[in-house]
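# Report on the structure
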Amino acid sequence: MKKIAVLGATGMLGKPVADELIKAGFEVTILARNIKKAKELFPQANIVFADLASRTTLSLALKGQEAIYLNLHIPQHAKPKDFMPETTGLLNLIEAAKENNIQRIAYLSSLVKDYQGQNNFNWWVFDVKQKAVQILKSSKIPYTIFYPSSFMENFDKGGFMNGNQMNLAGKAEAKMYWISGSDYGKQVAKSFEVLTDENREYNIQGPEAYYPEEAVRIFIDNYKKKRLNVFKTPIGVLKFMGKFSNKINYIYHILEALNKYDEKFVSQFTWDELGQPKETIKEYTIRIQK
């Protein structure tokens, strides 16, 4: 498989994967709704319009492709009855993939979604994540599913940095194995090189395990573009404010799960097949400033 369509490439985690696929020599086609943004991020790549809500556009976009990589997400402001890219959208994509004889679908899932049902935790977003895995496994198309720990991109592109503040909420009970999007992208590229028609599920974890506060301190110590300070919010405050805001309610639930999830190292099989991640938090922080 050399021709890979990437859906979600303009997102925080989709771009480093698409970049690594291109570097690895694959013929990458970016499927996007925002063509202008996609062209700005990938000036040398083939850009094609596609919308998960439209099977027609998906079918047209997948003509001539051999495999698909999916980086989907549920918007923080979403409600349970909204259109869900990872359920209805995924079903549309699978039908379009069958029409075009796609040989493999690779999908970015979540490791922390497995916290669902523990300590009476119940969140509709994790139900959607789990259903997406079931949909993909029942598609009869060879699949690769990645279950990642926390990404370093969250420090500067995600939820931690806000102006001169690095936001923390609650207290984590277990360390997280932080991984950079670039290292993950290399593993994704390797998976397309080594897999044929078998199904695979990979846990994705980085080389270092730190509590969020430890990880943020390392980032701050090596970040020179501006002075950063840690700002801590009690998790209960987010829980209360979440009653009035879908976005804050989303943030509360994901942080509650991340803080309580007892993450163990479970990625040796992934490292053996796809290579061991190398980039540390310090190295990531230095690299993004160049």
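So, here's what we can say about the structure. (Residues numbered from 1 in each chain as written. Predicted model: local features only at pLDDT ≥ 70, side-chain atom pairs only at ≥ 80, totals over all residues. Heavy atoms only, no water.)

For the rest of this paragraph, the subject is the overall build of the protein chain. Helix and strand counts for the protein chain come out as 12 helices and 12 strands. The principal-axis extent of the C-alpha atoms belonging to the protein chain is close to 50 × 40 × 40 Å. In the protein chain, which comprises 290 residues, the proportion classed as buried is 51%. Looking at the protein chain alone, contacts between residues at least 24 apart form 78% of all its contacts between residues at least 6 apart. If you sum the accessible surface of the protein chain, you get close to 14,000 Å²; carbon and sulfur atoms cover 49% of it. For the protein chain, the centre of its 40 positive side-chain charges and the centre of its 31 negative side-chain charges are spaced 5 Å apart. (Helix = DSSP H or I, 4+ residues; strand = E, 2+ residues; numbered from the N terminus. Buried < 20%, exposed > 50% of the residue type's maximum accessible area, 1.4 Å probe, protein only. Contact = heavy atoms within 4.5 Å. Areas by Shrake-Rupley, 256 points an atom, 1.4 Å probe, with all protein chains shown as cover. Lys, Arg positive; Asp, Glu negative; His and termini not counted. Charge placed at Lys NZ, Arg CZ, Asp CG, Glu CD.)

This part takes up the pattern of salt bridges. Summed over all chains, the structure comprises 14 salt bridges. Between Asp19 and Lys15 there is a salt bridge, with the nearest N and O atoms lying 2.8 Å from each other. Of this pair, Asp19 and Lys15 are both found in helix 1 (residues 14-23), 4 residues apart, which corresponds to roughly one turn of the helix. We classify Asp19 as partly exposed; its relative accessible area is 23%. Judged by relative accessible area, which is 26%, Lys15 ranks as partly exposed. The partner of Lys232 in a salt bridge is Glu213, with the nearest N and O atoms 2.9 Å apart. Remark: Glu213 occurs in helix 8 (residues 212-222) and Lys232 occurs in strand 12 (residues 229-233); sequence separation between them is 19 residues. (Salt bridge = Lys/Arg side-chain N within 4 Å of Asp/Glu carboxyl O.)

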